[in-house]
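A structural walkthrough
Here is what each chain is made of, one letter per residue.
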Amino acid sequence: MFHGTSTSSNASSYSHDTGMEPGEHQDSTKATTNPFKRSRHGSIPGDSFKGRIRRASLSLKGIVRRERRGSAPAADINEMRPTTSHSTWHKLRQAASFRHQRTSYGTPGNLETIYSPLQADFPSLPVPGNGLEPPIIPWHTGAAAKAAAALQNESLSYARQYQELVSLAESQNDRESGIGITFTVSTSPIDETVGKGAPIIRKDFIAQLPSELAVQILSHLDAAQLATASRVSRLWYDIVQDQHVWRQSFLREKTHTYATGHSVQPGAGFGVPSIRPQNDWRKIYKAREELDKRWKIGKQARAVFLNGHMDSVYCQQFDENKIITGSRDKTIRIWDMHTLQCRLIIGPPEVVNDTSILFDPTGHPTHYALFPDDRRVNPSVPVTVSFPTHHSASILCLQYDDEILVTGSSDSSCIIYSVRSGYRPIRRLRFHTAAVLDLAFDDKHIVTCSKDCSICVWDRATGALIKQLNGHTGPVNAVQLRGNTLVSCSGDFTVKLWNIDSGKVIRELTGHTKGLACSQFSEDGRYVASAGSDKVIRIWDANTGECLRTIQAHESLVRSLHIDSVSGRLISGSYDTDIKVFDMETGQQQLDFPGWHASWVLSAKCDYRRIVSTGQDAKILIMDFGADVPDIGMLESARKHEVACDIRNAGFI
């Protein structure tokens, strides 16, 4: 039974920590009497005026003690209504609790809410305490308070476990170091703010800068980044359209080279146009991007054959405007790269004066472009010319620049022509005793090699023979010149590097197992590529003589090699009728064009846009990766189309 008088006398000494009166013993076997427990008759024991005073006193003391323990001042309960588990109303309900059990760890346990007596006129909504009256909590409420208490208990449990782990770690490790101590993720207010997505200060720095600086900054972006930047705002879009932005981006991104020793200069004919006021650099950039993409895919190149030669086409060289070819039919022909028409034929009189060189038996022109679907386009009737100085046999090799064209022939001689005067002969070089198989020149020297196993060095300006280099024991099939270093290859299985000033062999590159047909220098002179009858391409370090890569390239003799020092592409042509593209850096095959020629491939070269090859089938094949690319013509240099101009100025037409 509950004795109101004895309980009231000890009310002032009630402990919130244990829930027991002083002097009571915590005995788990002894039942605790509940002052609000109903009797079997439905009445509440001690429900007298004194009992109500006692309950109000205890509630008031609980409120005062809890408010003193809190870290924040209590809110005015008359001005706030309960809204969340952390409101003043929640604090009042916790204060009204008569039982706060302490756990075995010494921290407060779960909170147990003691509800107000049930009465017939008991309110259905919570009523905050007012003055000396305790708050009234309806019997059907309290779920939010319980949930909040459970969350608090869980948090306290985690904190307790963390302290135990830290204590254990400190007991097992060096207390003055952080080794072995595991810390949890910080839960500081700053971290919580950032985690919730604190607002980031954003400023449009482009809008706050002078236009000159804004243009300079955006010019450091590539094409994809510029496209993204143009969508930021109208201001950014307008600045991105500035030609300086696209010009600087293009010149930075598209002028790198593999082995030239310097970046590509504008207007040099390598896909970087001259800097002109009328250039639309955004379109230029876009055209170059599309062209590079087509080189990677390799299936969008337009193929076209140039017909006109009557026999094998041994040699060729081309640029953006023209192609010059030499053939077994003893003629040199000059073709317009843009119209695909033959403009000039140079040869002996008995050949060029024969009308069959211009018209077939049905009267149709013999010079035309042919697409793979047998469509004939752009027929032409070229000018024919024969000079007193001419070749009387096959044209086996040639090279030209802006000033001269040099050809080598089976008649054992070379002829130098003036490009600027309509390809009129300047002089003949004669010393070899057999066919001139290859030649090369620079600003000072002309170098020729022959079937007679020798190499001759000539003065470009005067045509005088400077020296003869002997060392190969077989026909010297190819030569190339870089500075004062000369590379040659021979049927004796060897590649030799020569010092052109001393005439001595610097290094001999051995490794091929059969005779060699071709060799090439990179433009900076660092690499040498060689190939021949063993069907293998070898790439050498010219400085050390080390073989860097061995490429199992073709199924037959490799007749032609060309290093594009700008892109790093290596082009090969073989007697197996295949043309292949390899990566100089890795040796991996990138593209393959099998069977485009009906017979042996005798020469294959490339530039930034095209692959041009010639073969025993008397045809010239152009694989144009830039065909149909919008604005592709903007990549060309500003040099004039000198083919037609020079022929007219020479008085041929």
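In this report, the structure presented in the accompanying data block is examined.

**Focus: the overall build of the chain**
On a plain count of helices and strands, the chain comes out with 13 helices and 33 strands. The burial tally for the chain puts 46% of its 653 residues in the buried class. Pairs at least 24 residues apart make up 50% of the contacts formed inside the chain by residues separated by at least 6 positions. Accessible surface, the chain as shown: approximately 33,700 Å² in total, 52% of it carbon and sulfur.

**Remarks on the packing of helix α10 (residues 243-253) against helix α11 (residues 281-297)**
Axis separation between α10 and α11 bottoms out at 8 Å; the angle between their running directions is 30°. The chirality of how α10 crosses α11 is left-handed. Contact with α10, carried on its side by Q243, W246, R247, S249, F250, L251 and E253, involves W281, R282, I284, Y285 and R288 of α11 and no other residues of that element. Grouping the amino acids of the contact of α10 with α11 by side-chain chemistry returns six nonpolar, two polar and four charged.

**Regarding the sheet that holds strand β31 (residues 601-606)**
With antiparallel pairing, six strands are arranged side by side in an open sheet as β9-β8-β3-β33-β32-β31. Among the strands making up the open sheet, the edge pair consists of β9 (376-380) and β31. In this sheet, neighbouring strand axes are inclined to one another by 20° on average, regardless of whether the strands run parallel or antiparallel. Sheet topology note: the strand β8 (residues 367-370)/β9 ladder contains three bridges and is antiparallel. From the neighbouring strand, L370 faces β9, where its bridge partner is R376.

**Quick look at the pattern of salt bridges**
Pairs may arise between side chains of opposite charge once their charged atoms sit close together. Here the structure, examined in full by the defined rule, presents 20 salt bridges. One salt bridge connects D292 with R288, and the closest N-O pair in it is separated by 3.2 Å. Of the two residues, D292 and R288 both sit in helix α11, four residues apart, roughly one turn of that helix. With a shortest N-O distance of 3.9 Å, R428 and D411 are connected by a salt bridge.

**As for the side chain of D411**
Among the secondary structure elements, D411 is positioned in the loop between β12 (404-409) and β13 (413-418). Among the polar contacts made by the side chain of D411, one reaches the side chain of S413 at a distance of 2.9 Å. In this view, D411 contacts H390, H391, S392, A393, R428 and R430; residues no more than four positions away in its chain are not counted.

**Focus: the pairing of strand β6 (residues 332-336)**
Burial within β6 is extensive, with five of its five residues counted as buried. The alternating pattern of β6 places I332, I334 and D336 and R333 and W335 on opposite faces, both of which are buried. With five bridges joining them, strand β5 (residues 322-327) and β6 adopt antiparallel strand pairing. Each residue of the ladder has a partner; that of I324, found in β6, is I334. Adjacent in sequence and paired antiparallel, β5 and β6 are bridged by four residues, among which K330 carries a positive phi angle near 75°. Counting the residues between successive antiparallel strands, the hairpin from β6 to strand β7 (residues 342-346) contains five residues, one of them, L340, with a positive phi of roughly 65°.

**A look at the nonpolar core**
Note that soluble globular proteins tend to have their nonpolar side chains buried in a common cluster. L218, F250, I579, F593, I611 and F625 are the most contacted members of the largest nonpolar core, which has 44 residues in total. A per-element tally of this core places α11 first, with six residues. Counting 19 residues, the second largest nonpolar core, distinct from the first, contains V304, F318, I357 and A369.

**What about the packing of aromatic side chains?**
Counted by the stated rule, this structure contains nine aromatic pairs. Geometrically, the ring pair formed by Y258 and Y527 is stacked, given 5.6 Å between the ring centres and 15° between the ring planes. With a gap of 269 residues between them, Y258 in the loop between α10 and α11 and Y527 in strand β24 (residues 527-532) connect regions that are remote in the sequence. Y258 gets classed as buried once you look at its relative accessible area, which sits at 17%. For the ring pair W295 and F625, a centre distance of 4.0 Å and an interplane angle of 20° mean the geometry is stacked. Residue W295 is located in helix α11, and its partner F625 is located in the loop between β33 (620-624) and α13 (642-649); the two are separated by 330 residues in the primary sequence. The same class applies to W295 as to F625, namely buried. Among the aromatic side chains, those forming a connected cluster through ring pairs are W246, F250, W281 and Y285.

**Remarks on the sheet that holds β7**
Strand order in the open sheet formed by five strands is β4-β5-β6-β7-β10, and the pairing between neighbours is mixed. Where the open sheet ends on each side, the last strands, each with one partner, are β4 (313-318) and β10 (383-385). On average, adjacent strands in this sheet sit at an angle of 15° to one another, irrespective of strand direction.

**Overview of the state of the cysteines**
The bond known as a disulfide is covalent and runs between the sulfur atoms of two cysteines. Scanning all chains against the criterion turns up zero disulfides. C456 takes part in no disulfide bond, and the closest cysteine sulfur, belonging to C414, lies 8.8 Å away. In this structure C456 comes out as buried when scored by relative accessible area, which is 0%.

**Topic: the environment of F582**
Inspection of the secondary structure puts F582 in strand β29 (residues 579-583). Residues F582 and S572, ten residues apart in the sequence, show an inter-C-alpha distance of 8.1 Å. For F582, the contacting residues outside a window of four places in its chain are I537, I551, A553, G568, R569, L570, S572, G587, Q588, Q589 and Q590.

Scoring rules and cut-offs
- For every chain, the first residue of the written sequence is number 1, and numbering continues from 1 onward in sequence order.
- Only residues with pLDDT of at least 70 get local features here, since the model is predicted, and only at 80 or more are side-chain atom pairs given and counted; chain-wide, interface and lining totals rely on the full set of residues.
- Only hydrogens and water are set aside; all other atoms, that is, all heavy atoms of the structure, feed into the side-chain values.
- Helix numbers and strand numbers start at the N terminus; a helix is a DSSP run of H or I with at least 4 residues, a strand a run of E with at least 2.
- Accessibility here uses a 1.4 Å probe with only protein chains present; expressed as a share of the type maximum, an area under 20% marks a residue as buried, one over 50% as exposed, and anything in between as partly exposed.
- Note on definitions: a residue-residue contact is assigned when non-hydrogen atoms from the two residues lie within 4.5 Å.
- Each accessible area is a Shrake-Rupley result for a 1.4 Å probe, and residues are judged covered by the shown protein chains and nothing else.
- In this analysis an axis means a line fitted to C-alpha atoms, helices contributing only their contacting stretch, and an angle means the value between N-to-C directions, from 0 to 180 degrees.
- By definition, any crossing whose near helix is turned counterclockwise from its far helix by less than a right angle is left-handed, and any crossing with a clockwise turn is right-handed.
- By the convention adopted, Pro, Cys, Tyr, Trp, Phe, Met, Ile, Leu, Val and Ala count as nonpolar, Lys, Arg, Asp and Glu as charged, and the other residues, Gly among them, as polar.
- For two strands to pair, DSSP has to find at least two bridges joining them.
- What counts as a salt bridge is simple: a side-chain nitrogen of Lys or Arg found within 4 Å of a carboxyl oxygen of Asp or Glu.
- Whenever a nitrogen or oxygen atom comes within 3.5 Å of another N or O atom, the pair is scored as a polar contact, on the condition that within protein one atom can donate a hydrogen and the other can accept it, and that pairs from neighbouring residues in sequence are kept only if both atoms are in side chains.
- To define a nonpolar core, start from buried Ala, Val, Leu, Ile, Met, Phe, Trp, Tyr and Cys residues and group those joined through side-chain atoms within 4.5 Å.
- Classification of ring pairs uses Phe, Tyr and Trp, with its six-membered ring standing for Trp, and accepts pairs whose centres are within 6.5 Å; under 30 degrees between planes counts as stacked, over 60 as edge-to-face, and the remaining range as tilted.
- Here, two cysteine sulfur atoms that lie within 2.5 Å of each other are counted as a disulfide.

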